[in-house]
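Residues per chain are reported as follows:
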Amino acid sequence: MKPSDKIYIAGHRGLVGSALMRKLRERGYTNLLIRTHAELDLTDQAAVEAFFAAEKPDYVFLAAARVGGIHANNTYPAEFIRDNLAIQTNIIHAAYQSNVRRLLFLGSSCIYPKLAPQPLKEEHLLTGPLEPTNRPYALAKIAGIEMCWSYNRQYGTQYLAAMPTNLYGPGDNYHSENSHVIPALIRRFHEAKVTNAPSVTVWGTGTPRREFMYSEDMADACVYLMTLPDKQFVPLLGQDRNDGLAPLVNIGVGHDLTIRELAETVAATVGYQGAIEFDATKPDGTPRKLMDVGRLNAMGWKAGTSLKAGLNTAYADFLAYRPTER
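What comes next concerns the included structure. This structure is a prediction, so every number in the text was calculated from the model and none was measured.

Following the criterion strictly, the structure yields eleven aromatic pairs and no others. Centroid distance tyrosine 8 to phenylalanine 52: 5.7 Å. Interplanar angle 85°. Geometry classified as edge-to-face. With tyrosine 8 in strand 1 (residues 7-10) and phenylalanine 52 in helix 2 (residues 45-55), the pair connects residues that are 44 residues apart, well separated along the chain. The same class applies to tyrosine 8 and to phenylalanine 52, which are both buried. Pairing tyrosine 315 with phenylalanine 318 gives two aromatic rings, centres 6.3 Å apart and planes at 15°, and the pair type is stacked.

What follows concerns the pairing of strand 3 (residues 59-62). Neither face of strand 3 is left uncovered, since the one carrying Tyr59 and Phe61 and the one carrying Val60 and Leu62 both have all their residues buried. For strand 1 and strand 3, the ladder comprises four bridges, and the chain directions are parallel. Bridge pairing links alanine 10 to leucine 62 in strand 3. As paired elements, strand 3 and strand 4 (residues 102-106) share four bridges and run parallel to each other. Paired with leucine 62 across the two strands is phenylalanine 105, which belongs to strand 4.

The next thing to look at is the packing of helix 9 (residues 259-270) against helix 11 (residues 307-321). Contact geometry for helix 9 and helix 11: axes closest at 10 Å, N-to-C directions at 50°. Taken together, helix 9 and helix 11 sit at an angle that is classed as oblique. Considering only the axes of helix 9 and helix 11, their crossing is right-handed. On the side of helix 9, the interface is formed by Leu262, Thr265, Val266, Thr269 and Val270, while helix 11 contributes Leu307, Leu311, Asn312 and Tyr315. Its residues assigned to classes, the contact of helix 9 with helix 11 shows six nonpolar, three polar and no charged.

Applying the stated criterion to the full structure yields zero disulfides. Cysteine 148 provides the cysteine sulfur closest to cysteine 110, a residue in no disulfide bond, and the two sulfurs are 16 Å apart. Judged by its relative accessible area of 4%, cysteine 110 falls in the buried class. In this model cysteine 222 remains outside any disulfide bridge; the closest cysteine sulfur is found in cysteine 148, 13 Å from its own.

What follows deals with helix 9. One turn of the α-helix equals 3.6 residues, which is why residues spaced by three or four share an orientation. A rise of 1.5 Å per residue sets the reference length of helix 9, with its twelve residues, at 16 Å; its end C-alpha atoms lie 16 Å apart and thus fit the reference within 8%. Along helix 9, the residues that are buried comprise Ile259, Leu262, Ala263, Val266, Ala267 and Val270. Seen along its axis, helix 9 keeps its buried residues to an arc of 135°; they face one direction. Once helix 9 ends, the next one or two residues include glycine 271, with phi positive near 95°.

A few words on the packing of helix 2 against helix 4 (residues 77-97). Running from N to C, helix 2 and helix 4 cross one another at 35°; their axes reach a closest spacing of 9 Å. Once helix 2 is placed against helix 4, the crossing between them reads as right-handed. On helix 4, the residues that touch Gln45, Val48, Glu49 and Phe52 of helix 2 are Asn90, Ile91, His93, Ala94, Ala95 and Gln97. A breakdown of the residues in the contact of helix 2 with helix 4 according to their chemical character gives five nonpolar, four polar and one charged.

Turning our eyes to something else, we now look at the sheet that holds strand 8 (residues 209-210). Ordered in space as 11-8-13, the three strands form an open sheet in which the pairing is mixed. At either end of the open sheet lies a strand with only one pairing partner, and these are strand 11 (257-258) and strand 13 (288-289). Relative to strand 13, strand 8 runs parallel, the two being bridged by two bridges. Counterpart to arginine 210 in the pairing with strand 13 is lysine 289.

Right, let's talk about helix 11 for a bit. Compared with an ideal rise of 1.5 Å per residue, which puts 15 residues at 21 Å, helix 11 spans 21 Å between its outermost C-alpha atoms and is within 8% of the ideal. Along helix 11, the residues classified as buried are Gly310, Leu311, Ala314, Tyr315, Asp317 and Phe318. Seen end-on, helix 11 carries its buried residues on one side only, within an arc spanning 155°. Opposite the packed face of helix 11, turned more than 90 degrees from it, sit the exposed residues Lys308 and Ala320. Close packing links the buried residues of helix 11 with strand 6 (166-168), helix 6 (181-195), strand 9 (212-214) and helix 9.

Rules of the game
Residues numbered from 1 in each chain as written. Predicted model: local features only at pLDDT ≥ 70, side-chain atom pairs only at ≥ 80, totals over all residues. Heavy atoms only, no water. Phe/Tyr/Trp six-rings, centres within 6.5 Å; stacked < 30°, edge-to-face > 60°. Helix = DSSP H or I, 4+ residues; strand = E, 2+ residues; numbered from the N terminus. Buried < 20%, exposed > 50% of the residue type's maximum accessible area, 1.4 Å probe, protein only. Pairing = 2+ DSSP bridges. Axes fitted to C-alpha atoms, helices over the stretch in contact; angles between N-to-C directions. Parallel < 35°, antiparallel > 145°, perpendicular 65-115°, else oblique. Left-handed = near helix turned anticlockwise from the far one by under 90°. Contact = heavy atoms within 4.5 Å. Nonpolar A, V, L, I, M, F, W, Y, C, P; charged D, E, K, R; others polar. Disulfide = S-S within 2.5 Å. Expected span 1.5 Å × (residues − 1). Arc of directions from axis to C-beta.

Here it is as structure tokens:
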């Protein structure tokens, strides 16, 4: 991937896409291709194909998706499966039609079975039932992985799927109901601090364990993967392999903590000193989701940002923008 190559970042305004933009610019890539939703509706097949035919990008980072936490997944399951299937299908097929050199499809750790052995290895894909609360989203992402694999096998394309663990960082979604756990906690603890609320209630029992990765580290790993030499990149694609391993690489930090520990850490970061309570009537989700990142580490990449440092930066970003309902 040369600095002059045309690189399309689908979903450049989101947490993942904006981190990719910053990382690519930091690395000297200047020919970046972006479109807002108003400029290009990625669920519109004809519009996507016309865009690719006209622009002919060399590389594609497919970070566009409908995303959200447990509440959003439970409330809008139809949108989560419909929109994600449409976006990824349109982009992957259009990339093939316009001869894109490499494509990186971004997914999520929720693709793995709810009770898969820990830590989660790439080969655990499709080995058991999914977590019901985000099954529509997970199934869409699994379909995206399978589509990349199918095109690699049939057409010799170079499409790789990367599955990041739970992410947080600058540009996150702080919506009071539709955000993920870290931005939701940052907002709630900040508002509780400002209003001197005596306590903050967190969904679930606080016992599930989760892994969290700073978005800038994730972006660094994605650019690292996309710039691997052919001798390392091509064997990941499953073009000729019969071992059943999908073109899939986990991206994470390799360690986790409980939701209770996370809530306490976020409260300390924000400076909230009230009580933290847990509502056990609310769903916990998967008991544990720790990614096995041995495959990525063996390629020469490891995460470098601690949770404490990442949370400090994320809270500063929240204070800078003071989002309301975005």
